[in-house]
Amino acid sequence: IDKKRRILLCQRLFKLRNEVLSGKEVTDFRLASEQMELAAAALTELCITGNDDNSKRCILHSLQRTKPALRDNWVVASAPGRIDVDGGWSDTPPISYDYGGAVLIMACTVDGRRPLSSRCRIVSGGKGVVLRTEARESKDGKLISDSEVKMNKIRDIADFRDPSAACTLLKCALLCLGFVSLDILHGNEDVSLQPYINSFCSDSDEDVGLEIISTSLLPRGSGMGGSSILGGCVLASIAQCVGFDILSDTTTDEEDDEFLIHGVLMIEQLLTTGGGWQDQIGGLIGGIKLATSVAHKFPLEVKAERRRLDPRVRASLNKRLVLAFSGQPRLAKTVLQHVLRRWARRTPEIVANVEDLVINATKAAKATENGDIDAIGRTMYSYWLRKKKMAGEDSGVEPTAVADLLKALLAQKEIIGGTLIGAGGGGFLVMVASEGRTVADIERIVKNEITDLHEDVYNFTWHECAICEDGLKINVIDKALTSGSLDDFQINWHD
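Presented here is a report on the structure given in the accompanying data block. If you're wondering where the values come from, they're calculated on a predicted model, not measured in any experiment.

## Brief notes about the pattern of salt bridges
All chains considered together, the criterion is met by 32 salt bridges. When the shortest N-O distance is used, the salt bridge between Asp207 and Lys127 registers 3.8 Å. With Asp207 in the loop between α5 (194-201) and β7 (208-216) and Lys127 in the loop between β4 (116-124) and β5 (129-136), this residue pair connects regions lying 80 residues apart in the sequence. A relative accessible area of 27% places Asp207 in the partly exposed class.

What follows is the structure, encoded as structure tokens:
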């Protein structure tokens, strides 16, 4: 759509909005509200995807092959999870556009492993695309569950906007990289994908197959940014495999990071799950960093500044980090809708809360640089209170078991503070133990010394957590070291 047409459509949209708010000629206010919400989501998607053909931050599918595609070898991209220490929700469009954002985030291993990966392989003489998502045990890599989709026709990729459908994250990554144009998805359902596969994977007309598998060692709904970080892993593994130059020696680390961060935002908009930029920054860039975005700038511009820790401070913090899985998964999209509706009202409470999130993220970054571990713990708990305020009392972001556990451990001074990771509602709880305490100590105290907790607390699982200084890593696995099967997997790919 050209610029004049977009302006005209926006003017009509604003006129309709004013009519809805004034009550004129609106017979079904709820329906009108739902339609306006969809329109707002579409405008947010436009802001993120952009329209500048010369900007690689806006258009991923302008990529060109700059090196030969890799045949018959797995390209594995792995990454740590992320913990948001303070400032979350300020990164979420349209909040980050309206106000600007600042989030303090750390990349972390879980039980000594980088929990997220994607592997991609071009199969000589093969046909079609095979997509698979896997959940595996973090200790030994044992397969828990998987979902597989085989794509041979255009219709097989057309459900990419349905987050409940199988392998849609992988489909959206392919679309972002220009596998096929969105324009051809409707009305061409029976058209073969094979010519598009051949063109995407090589410079010849020879038939090849494409296999893409994403793997998570985290439980579903963990809150550790799994889907966003996986999106970055998938983009990186596919691009490296087919020869696209997004992680090269000719670009700076900052440019590579920016490309992937924006790419994941595009994936999430295509997928309709929405979301901000902190997850992918948290896992794709290693260590602890303060990430910021500027208000009223399109397309979105995000910067991440690493915060270096003294090795002794980092070792001490790693010992005191406590990770517990609540056993209650949640889809972040549900909480996201709650928050964005509250932000749309612009109540003084919500506006002030966003301001506090941004200010305190910057303060927490300074405490981190100063090596003040207790301050990090206190920050986490005050951040948790602001996250709850952001979602509202009726959002269900704090399960009773989590509230009970935090209250008891704080009262007995066994922890300095803690927060549910991510949007809340379940998933992982992270805490900073008091000096001299470790995750094993906190687990023992909860199970043996504290009574009258909610029964679900005793079903929590407890995990070691440590800051991971490396973000995204890419390895090419020589085909001689694998069986050639789609089931190839080695747990050391997550080391």
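## Examining the pairing of strand β1 (residues 74-79)
The element β1 is extensively covered by neighbouring structure, given that 6 of its 6 residues are classed as buried. Along β1, one buried face is formed by Trp74, Val76 and Ser78 and the opposite face, lined by Val75, Ala77 and Ala79, is buried too. Where β1 and strand β15 (residues 473-477) come together, 5 bridges link them in antiparallel fashion. Considered in β15, the bridge of Val75 is made with Val476. Note that β1 and β4 share 5 bridges and pair antiparallel. When the bridges of β4 are listed, Ala79 appears paired with Leu116.

## Describing unusual backbone geometry
With omega at 5°, the peptide bond leading from Pro93 into Pro94 counts as cis. By the secondary structure assignment, Pro94 is in the loop between β2 (81-86) and α3 (95-98). Unlike most non-glycine residues, Arg346 shows phi in positive territory, near 55°. Look at Arg346 and you get partly exposed, because its relative accessible area is 38%.

## Remarks on the side chain of Gln278
In this fold, Gln278 is placed in helix α8 (residues 278-284). Other than its neighbours up to four places away in sequence, Gln278 contacts Arg82, Asp84, Gly88, Trp89, Asp91, Val103, Ile105 and Tyr383.

Thresholds, definitions, all that
Residues numbered from 1 in each chain as written. Predicted model: local features only at pLDDT ≥ 70, side-chain atom pairs only at ≥ 80, totals over all residues. Heavy atoms only, no water. Salt bridge = Lys/Arg side-chain N within 4 Å of Asp/Glu carboxyl O. Helix = DSSP H or I, 4+ residues; strand = E, 2+ residues; numbered from the N terminus. Buried < 20%, exposed > 50% of the residue type's maximum accessible area, 1.4 Å probe, protein only. Pairing = 2+ DSSP bridges. Contact = heavy atoms within 4.5 Å.

Treat this as a map of the structure, not an account of what it does.
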